[in-house]
Amino acid sequence: MHILLLLLVLTIIRLAGSSPPLDPVWCSNGMSDCTVTNAGGSFSDRGICRAANAAYPRTEQELLAAVADAAAAKRKVKVATRYSHSFTPLACPGGREGTVISTRWLNRTVRIDAQKRLMTVESGMVLRDLIRVAAAAGLALPNSPYWSGITIGGLLATGAHGSSLWDKGGAVHEYVVGLRIVTPAPANQGFAVVRELGADHPDLDAAKVSLGVLGVISQVTLALQPLFKRSVTFVPRDESDMAEQVALWGGLHEFADISWLPQDRKVIYREDNRVDVSTPGNGLFDFHAFWSLPADQIIAMGVEVTRMEENGTDAARCSAKFEQPGYGFTNDGVSFTGYPVVGYQHRMQASSACVDSPDDGAPLQTACFWDPRIRGPSAYNSGFSVTLSRAPAFLADVQRLRDLDPTAFCVLHNSIGVYMRYVRASSAFLGKVEDSIDVDLLYYRSHTPGVPRVHADIVDELEQMALHKYGALPHWGKNRNFAFDGAIAKYPKASEFLKVKDRYDPDGIFSSEWSDRLLGIKGSPSVVEKGCAIEGLCVCSDDSHCAPEQGYFCRPGKVYTEARVCRFYTPTTRISDEL
């Protein structure tokens with residue numbers, strides 16, 4: 001995520017220091033009158049999330065007390081993580097009277113059993129720390145997201161994952177063999193209890209992908225593996241057999257993924273496999289989109305991205321590339337000298353360099369480029385999963401759409417394009433239903449609400465095609481409102497999840513209007529109003545849902561004609577289209 005900076009033809013200056021992101025919870029009066037946000041400072045609906053008060057427990061007992069206080073007062077409760085990277089407002093309790101509980105200080109290792117290869121950590125532990133501590137004990141988490149600034153509790157809540165179809169697959173929740181979760185309780189039990197769910201507990205499949213609506217996870221126990229090495233090589237090819245290869249590639253390489261650049265008719269295949277630990281190499285994944293950057297450079301990048309969106313041409317967008325040698329991998333932690341890159345798992349699986357350093361003081365000198373304190377590039381990241389059996393047909397349809405106007409696809413990040421990772425079917429009630437490819441799209445989003453995007457119709461048609469024609473599942477943590485409309489019906493065990501939810505939290509203390517809409521309990525995730533399709537709040541059914549005053553009208557898709565998208569017309573092209 002957050003890789004828009006690769007669009008720019010700028011000299012990237014790497015700095016050793018950085019100001020880590022602010023706490024996503026800010027309170028104006030001690031621990032009361034609070035605002036909750038995410039890493040980018042804006043949720044998918046651009047809403048401002050408020051809470052009456054915040055709690056920062058440092059122990060499970062303090063967490064239990066915080067939940068009990070809220071439950072006794074019948075206040076809504078939500079959990080905020082250290083860096084809060086979900087685009088969707090899952091951390092928002094709704095209204096102004098709720099409580100937000102931060103797991104920032106629940107960040108310790110509880111125990112490691114190296115012989116049994118088990119590791120128990122508190123839910124606020126950040127992934128980067130988890131994999132380092134595991135490696136020091138000679139252990140490895142087999143799969144993880146590529147961004148290591150996410151907490152273990154946060155990534156479980158949204159079903160976050162890496163890329164693999166081998167063994168248990170790429171989703172971290174598949175390696176969870178136990179957890180402790182604090183839930184509301186009756187008054188005679190003190191208004192809150194700690195539930196311990198072991199590997200054989202029937203509720204574990206609900207709790208390990210929970211959207212945060214069951215309670216607050218206190219501790220997580222993971223089944224790890226002996227520390228191993230990986231060998232990575234990126235192979236560029238033409239796209240002639242890409243639609244067929246996507247169904248095969250994940251079976252050929254354990255940590256395979258695919259970047260498709262539709263405008264260039266080019267595919268970059270990742271060959272990524274385990275190798276013997278004696279294989280020479282001390283490689284490191286250090287993705288440049290996660291580096292710290294000077295504040296003035298971030299501002300310049302934001303200005304340039306906006307200029308290209310407002311005044312640029314397709315040719316300019318297509319030519320604006322920055323490709324780092326090795327795609328973020330270095331052979332020795334410093335430089336890339338060639339493939340394969342070989343290194344230990346904990347150095348190769350994820351990175352988050354810009355959050356690793358202490359604050360560099362005020363005024364802000366350096367930061368992650370998406371830091372909302374600096375008006376840098378504005379982007380949105382949509383994610384959805386297409387079952388592996390339907391992926392070839394889906395990609396063939398996208399190729400047909402591309403063939404109508406190849407340069408239009410340069411509005412996607414044109415060094416990543418259509419990015420695909422592999423995820424296995426899950427036993428989790430809200431996990432993947434079948435083996436799938438997870439598709440990531442990154443594109444411009446104005447800082448100003450209601451501003452249309454260039455070629456928004458292409459991206460929206462592609463996504464509606466995936467969701468409706470091919471039954472794709474939207475990523476719980478990164479998509480726009482319309483993508484979740486009816487999504488819960490695609491999960492065969494959703495009713496089982498809701499039964500657990502009703503038992504754990506019968507009064508809906510941990511539910512919100514947003515989570516109720518996601519789960520199909522009450523209302524729809526879509527918000528139908530003027531301009532709603534421009535913001536991704538709805539699928540347009542009327543011109544007013546777009547921006548007719550700016551030349552954007554609601555029209556059918558070009559390949560998937562059941563889609564309804566906001567398409568730009570000049571007066572001449574509009575008359576021609578209507579004729």
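Because the structure is predicted, anything quoted here is derived from the model rather than measured.

A. The pattern of salt bridges, seen in detail. Following the criterion strictly, the structure yields 33 salt bridges and no others. Notably, a salt bridge pairs Asp 440 with Arg 421, separated by 3.0 Å at the nearest N-O pair. Here Asp 440 is found in strand β23 (residues 436–444), whereas its partner Arg 421 is found in strand β22 (residues 418–423), with 19 residues between them in sequence. Both residues of the pair, Asp 440 and Arg 421, belong to the buried class. A network of salt bridges, in which partner residues are shared, links Arg 230, Asp 257, Arg 270 and Asp 272.

B. Inspection of the state of the cysteines at higher detail. Enumeration over the complete set of coordinates arrives at seven disulfides. Two residues share a disulfide in this structure: Cys 546 and Cys 566, whose sulfurs sit 2.0 Å from each other. When the S-S torsion is -85°, as for the bridge of Cys 546 with Cys 566, the disulfide is left-handed. Taken together, the residues Cys 546 in the loop between α12 (513–518) and β25 (552–556) and Cys 566 in strand β26 (residues 564–568) connect sequence positions 20 residues apart. Comparing Cys 546 with Cys 566 shows no difference in burial state: the two are buried.

C. Representation of the pairing of strand β5 (residues 99–102) within the structure. Of the two faces of β5, the one lined by Thr 99 and Ile 101 and the one lined by Val 100 and Ser 102 are each fully buried. Two elements, strand β3 (residues 49–55) and β5, share three bridges in a ladder whose sense is parallel. Bridge assignment links Ala 54 to a residue of β5, and that residue is Val 100. Relative to β5, strand β4 (residues 77–80) runs parallel, the two being bridged by four bridges. Bridge pairing in β5 links Val 79 to Ile 101.

D. Inspection of the packing of aromatic side chains at higher detail. Applying the stated criterion to the full structure yields 24 aromatic pairs. Note on Phe 234 and Phe 329: the rings are 6.0 Å apart at their centroids and 45° apart in plane angle, and the pair reads as tilted. Within this pair, whereas Phe 234 is found in strand β13 (residues 229–238), its partner Phe 329 is found in strand β18 (residues 329–330), the two being separated by 95 residues in sequence. The pair formed by Phe 234 and Phe 329 is uniform in burial state, with each residue classed as buried. With a centroid separation of 6.3 Å and an interplanar angle of 55°, the aromatic rings of Phe 553 and Tyr 569 are classed as tilted. A residue pair is termed long-range when its members are at least 10 positions apart, and Phe 553 in strand β25 and Tyr 569 in the loop between β26 and α13 (571–578) qualify at 16 residues. Look at Phe 553 and you get buried, because its relative accessible area is 8%. Exposure remark for Tyr 569: the relative accessible area of 8% places this residue in the buried category.

E. The sheet that holds strand β24 (residues 473–474), seen in detail. Read from one edge to the other, the open sheet built from eight strands follows the order β19-β13-β15-β14-β22-β23-β21-β24, with strand pairing classed as antiparallel. The strands lining the two open edges of the sheet, one partner per strand, are β19 (341–344) and β24. Of the pairings in the sheet, the one linking β13 to β19 comprises four bridges and is antiparallel in character. The residue bridging Lys 229 from the neighbouring strand is Tyr 344, located in β19.

F. Just the side chain of Arg 270, in detail. By the secondary structure assignment, Arg 270 is in strand β15 (residues 266–275). A polar atom in the side chain of Arg 270 sits 2.9 Å from the side chain of Asp 272. The contact partners of Arg 270, leaving out residues within four places of it in the chain, are Tyr 146, Arg 230, Val 232, Thr 233, Phe 234, Trp 249, His 253, Phe 255, Ala 256, Asp 257, Phe 329 and Tyr 419.

Rules and cut-offs
- Residues numbered from 1 in each chain as written.
- Predicted model: local features only at pLDDT ≥ 70, side-chain atom pairs only at ≥ 80, totals over all residues.
- Heavy atoms only, no water.
- Salt bridge = Lys/Arg side-chain N within 4 Å of Asp/Glu carboxyl O.
- Helix = DSSP H or I, 4+ residues; strand = E, 2+ residues; numbered from the N terminus.
- Buried < 20%, exposed > 50% of the residue type's maximum accessible area, 1.4 Å probe, protein only.
- Disulfide = S-S within 2.5 Å.
- Pairing = 2+ DSSP bridges.
- Phe/Tyr/Trp six-rings, centres within 6.5 Å; stacked < 30°, edge-to-face > 60°.
- Polar contact = N/O pair within 3.5 Å; in protein donor to acceptor, adjacent residues only side chain to side chain.
- Contact = heavy atoms within 4.5 Å.

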